[in-house]
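This is what each chain is made of:
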Amino acid sequence: MPITPDQQAEIDALRAQPTQTLRATAPGIEGHLYKAYEVLDHGFVRVIDYMGDDSAIVQAARVSYGAGTKHVSNDAGLIRYLMRHWHSTPFEMCEIKLHVKLPVFVARQWIRHRTANVNEYSARYSILDREFYIPAPEHLAAQSTVNNQGRGEVLQGEEAERVLRLLRDDAMRSYDHYEQMLSQDGQQGLARELARMNLPANVYTQWYWKTDLHNLFHFLRLRADAHAQYEIRVYAEAIAAIVADWVPLAHAAFEDYRMGGATLSAKALDCIRRMIRGEQVTQETSGMSKGEWREFEGIIR
Ligand SMILES: Cc1cc2nc3c(=O)[nH]c(=O)nc-3n(C[C@H](O)[C@H](O)[C@H](O)COP(=O)(O)OP(=O)(O)OC[C@H]3O[C@@H](n4cnc5c(N)ncnc54)[C@H](O)[C@@H]3O)c2cc1C
């Protein structure tokens, strides 16, 4: 269960106590504050706090005394210019703090993004819940035959049942042993910090994760990408939807230049120029490796 009724009541109580502030607020994200958006089978993402909006980016870029231009078209143009020219520090003026519940193997990928502030639930101090990520049937897939770092065909029938049974049995057995090992119920047992070590990587953890918009965009570029593992991509997509409401102009520029755009090497640019001149360019005449050429074709076709 992503959120228990008690936790929901705590969240609702926070939403029921709005305060007045002189700070700039972003109407689009106010509606997301404290709400938990379910991700995977037991996970969620919720916005705890944020700072700044599209105007904060413009203000910082101009080192302005006021709220910036008031003209959305001017702000959009400047934000697009900043994004296009990698003038990134104005985007660092916006920050967001999230509460995320996620499987440990997803957390291991996520934590590699070092430019964030993190505080994780302590399994030395608290007992972990019996919650494990078990993929939905459509996400149970075999190793890809073309990509060493990816999945291919979705498992069917008995094979899907066999794998699911192993995943569920292992999760339940290891949690039973975890409970049996803990120093509780009158037995000496093991400290929480030790008993947890037999739990599998699909057990859920939680953290508060705070980052600025520049580094968040970097995270989203890598993790909302179609090549990212599905289990982290769904978190990135949930966050991206919130960001689109928070800073719509910056998000639109990010979608255009980063998510939808492409970086071309000098060789690739040369090929495009030759193609425009009418030359029939092939991988052999491109100067690119087979892999590079495949990716290049993926971009231009
Ligand atoms: C598809 C994919 C596959 C991956 N596979 C693997 C893998 O097989 N093994 C593996 O170990 N990792 C893997 N990673 C993780 C990857 O190498 C990065 O660690 C991760 O994406 C975080 O990126 P980052 O370092 O740019 O982000 P952040 O840590 O947030 O850093 C942001 C930027 O800050 C700068 N920066 C931060 N810290 C430093 C520093 N100490 N020195 C210099 N500059 C710094 C860099 O410019 C960096 O790009 C993979 C990532 C992806 C998206």
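Residues numbered from 1 in each chain as written. Predicted model: local features only at pLDDT ≥ 70, side-chain atom pairs only at ≥ 80, totals over all residues.

The chain carries the name Flavin-dependent thymidylate synthase in an unreviewed UniProt entry, which gives Tranquillimonas alkanivorans as its organism. On record in UniProt, under Catalytic activity (unreviewed entry), the comment for the chain is "dUMP + (6R)-5,10-methylene-5,6,7,8-tetrahydrofolate + NADPH + H(+) = dTMP + (6S)-5,6,7,8-tetrahydrofolate + NADP(+)". (UniProt positions renumbered as here; feature names shortened; annotations may be inferred.)

Visitor: What am I meant to see in the overall build of the chain here?
Guide: Across its full length, the chain carries 13 helices and 7 strands. Taken over the C-alpha atoms alone, the chain extends approximately 80 × 60 × 30 Å along its principal axes. With 301 residues in all, the chain has 23% of them scored as buried. Taking all contacts inside the chain whose residues are at least 6 apart in sequence as the whole, residues at least 24 apart take part in 67%. (Helix = DSSP H or I, 4+ residues; strand = E, 2+ residues; numbered from the N terminus. Buried ≥ 20, exposed ≤ 12 C-beta atoms within 10 Å, placed from the backbone. Contact = placed C-beta atoms within 7 Å.)

Visitor: I tried to follow the sheet that holds strand 3 (residues 95–103) on my own but got confused; where do I start?
Guide: One open sheet accounts for 5 strands, arranged 1-2-3-7-4; its pairing is antiparallel. Each end of this open sheet is capped by a strand with a single partner; those strands are strand 1 (36–39) and strand 4 (117–120). On average, adjacent strands in this sheet sit at an angle of 20° to one another, irrespective of strand direction. Sitting on the sheet, helix 8 (residues 213–223) touches strand 3 and strand 7 (204–212), and the angle it makes with strand 7 is about 130°. On top of the sheet, helix 9 (residues 230–246) reaches strand 1, strand 2 (43–51) and strand 3; it is set at about 35° to strand 2, its chief contact. (Pairing = 2+ DSSP bridges. Axes fitted to C-alpha atoms, helices over the stretch in contact; angles between N-to-C directions.)

Visitor: Looking at this structure, I do not really get the UniProt feature "binding site: FAD" (unreviewed entry) in the chain. What am I missing?
Guide: Those residues carrying the UniProt feature "binding site: FAD" (unreviewed entry) are Thr-89, Arg-112, His-113, Arg-114, Glu-120, Asp-212, Leu-213, His-214 and His-218 in this numbering. In terms of the greatest pairwise C-alpha distance, the residues named above, spread along 130 residues, do not form a single cluster, extending to 27.3 Å across. Within the fold, Thr-89 resides in the loop between helix 4 (72–84) and strand 3. When the 12 C-beta atoms within 10 Å are taken as the criterion, Thr-89 is described as exposed. Checked against the element boundaries, Asp-212 lands in strand 7. In this structure Asp-212 touches Phe-91, Glu-92, Cys-94 and Glu-95, once residues within four positions along its chain are discounted.

Visitor: Explain unusual backbone geometry here, please?
Guide: Across the chain, the bulk of peptide bonds are trans and the bulk of non-glycine residues have phi less than zero. Look at Tyr-34: it is not a glycine, yet its phi comes out positive at around 70°. Non-glycine residue Leu-40 carries a positive phi angle of around 55°. Mapped onto the elements, Leu-40 comes out in the loop between strand 1 and strand 2.

Visitor: Any chance you could explain the UniProt feature "active site" (unreviewed entry) in the chain here in plain terms?
Guide: Per the UniProt record, "active site" (unreviewed entry) is annotated on Arg-223. Owing to 22 C-beta atoms within 10 Å, Arg-223 belongs among the buried residues under this scheme.

Visitor: Please explain the pairing of strand 3 as it appears in this structure.
Guide: Side chains on a regular strand alternate between the two faces of the sheet. Pairing analysis gives 7 bridges linking strand 2 to strand 3, with the strands arranged antiparallel. The residue of strand 3 that forms the bridge with Met-51 is Glu-95. In the sheet, strand 3 pairs with strand 7 via 9 bridges, with the strands oriented antiparallel. Bridging across to strand 7, Lys-101 finds its partner in Gln-206.

Visitor: Would you take a moment to explain the site of the ligand for this structure?
Guide: Close contacts around the ligand come from Arg-112, His-113, Arg-114, Thr-115, Asn-215, His-218, Leu-222, His-227 and Ala-228, and that covers them all. For the shell around the ligand, the residue count by class is 2 nonpolar, 5 polar and 2 charged. (Near = placed C-beta within 6 Å. Nonpolar A, V, L, I, M, F, W, Y, C, P; charged D, E, K, R; others polar.)

Visitor: I keep staring at the domain arrangement of the chain and nothing clicks. Help me out?
Guide: How big an interface is tends to be stated in terms of the accessible area lost upon association of its parts. Domains assigned within the chain are domain 1 (5–133 + 202–259), domain 2 (135–201) and domain 3 (266–300). Each of domain 1 and domain 2 has a C-alpha centre, and the two are 29 Å apart. Listed per partner, the contact involves 12 residues of domain 1 and 10 residues of domain 2. Partitioning the side of domain 1 that touches domain 2 into residue classes produces 9 nonpolar, 1 polar and 2 charged. (Domains from an automatic or database assignment.)

Visitor: Explain the packing of helix 8 against helix 9 to me, please; I cannot follow it from the model alone.
Guide: Each pair of packed helices can be summarised by the angle the axes make with each other and by the distance between the axes. Packing of helix 8 against helix 9 leaves a shortest axis separation of 9 Å and a crossing angle of 135°. Relative to helix 9, helix 8 is oriented oblique. Handedness of the crossing formed by helix 8 with helix 9: left-handed. In contact with Leu-216, Phe-219, Leu-220 and Arg-223 of helix 8, helix 9 contributes Ile-232, Arg-233, Ala-236, Ile-239, Ala-240 and Val-243. Per-class residue counts for the contact of helix 8 with helix 9 are 8 nonpolar, no polar and 2 charged. (Parallel < 35°, antiparallel > 145°, perpendicular 65-115°, else oblique. Left-handed = near helix turned anticlockwise from the far one by under 90°.)

Visitor: Got a minute to help me understand the environment of Gln-143 in this structure?
Guide: Secondary-structure assignment places Gln-143 in strand 5 (residues 141–143). Judged by the 11 C-beta atoms lying within 10 Å of it, Gln-143 falls in the exposed class. Residues Gln-143 and Glu-153 lie 10 residues apart in sequence; the distance between their C-alpha atoms is 7.7 Å. In this view, Gln-143 contacts Arg-151 and Gly-152; residues no more than four positions away in its chain are not counted.

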